[in-house]
Amino acid sequence: MKTLIETVRKDLRLSEKRMRHTEGVIRAAKLLAERHFPGEITPEEAELASLLHDYTKEYSEEEHLAVFARYGVEVTPAELKPHKLLHARTAALIAEHAYHAPEEVCSAVRWHTTGRPAMRPLELVIYFADYIEDGRTHPSCVHLRDYYEKEYRARKDGMRALQLAMVRSFDATLRSLIAEKKVVDEYTVRARNYYLKLAKGGS
């Protein structure tokens, strides 16, 4: 996997700002994996998924469409909106077909923007690392990062702390999308409800 990581690094064509974010996600993902999923997620898996998660983030709509066409994936006009979500799908396709990345890595890339109910360990780690990496300066990200660290240190149950923070991340995303009158992806709503029930079940 180290060779694959090196190859992806060489191939990445990201702006300096996006690359700084990606490196931040790598650091956060490795920390989350070590804290919550020791023995389940290797540092290499966390790094590879982090490198790939925004691989196509700066693509134009035409470039996204070209990726779908290249791999024989049909998309409807409705699926092209919001444009912001396209990069998770096209990056996952490239991870799978161009790099033959492990399935769990491709899945983590696919679901890192919307989340989904019952996320697998690497999916959860990349989703949350993307939100709280130390380069994020938006108030919602800073508050969530601080909240998670406080809960993690205060609780004996580290997974419960992560679940509570996940709920807050979905709540913040939903508030932002609603305020901006943007479409809310159904998976985000379902994921929020799933992790809310899970967190409450630990009360």
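You'll find the structure just up there.
Presented here is a report on the structure given in the accompanying data block. (Residues numbered from 1 in each chain as written. Predicted model: local features only at pLDDT ≥ 70, side-chain atom pairs only at ≥ 80, totals over all residues. Heavy atoms only, no water.)

The next thing to look at is unusual backbone geometry. Even without glycine at this site, Ala 118 takes up a positive phi of about 50°. As for its position among the elements, Ala 118 is in the loop between helix H6 (103–110) and helix H7 (121–132). With a phi close to 55°, Lys 181 is a non-glycine residue in the positive phi region. As for its placement among the helices and strands, Lys 181 is situated in the loop between helix H9 (158–179) and helix H10 (186–201). Under the relative-accessibility criterion, Lys 181 is labelled exposed at 78%. (Helix = DSSP H or I, 4+ residues; strand = E, 2+ residues; numbered from the N terminus. Buried < 20%, exposed > 50% of the residue type's maximum accessible area, 1.4 Å probe, protein only.)

It is worth spelling out the layout of surface pockets at this point. One number sums up the size of the largest pocket: a volume of about 1100 Å³. In this structure, the largest pocket is lined by 33 residues; those nearest its centre are Lys 57, Lys 84, Tyr 131, Arg 136 and Cys 141. Sort the elements by how many residues they give to the lining of the largest pocket and H9 lands first, with five residues. A breakdown of the residues in the lining of the largest pocket according to their chemical character gives eight nonpolar, 12 polar and 13 charged. In terms of lining, the second largest pocket is formed by 16 residues, of which the most central are Glu 79, Leu 85, Arg 89, Arg 110 and Asp 185. A class-by-class count of the residues in the lining of the second largest pocket yields eight nonpolar, two polar and six charged. (1 Å grid on protein atoms, 1.4 Å probe; cavity = no way out; pocket = protein on both sides within 12 Å on 5 of 7 lines; lining within 4 Å. Points joined across faces, edges and corners; volume = space filled by probe spheres on them. Nonpolar A, V, L, I, M, F, W, Y, C, P; charged D, E, K, R; others polar.)

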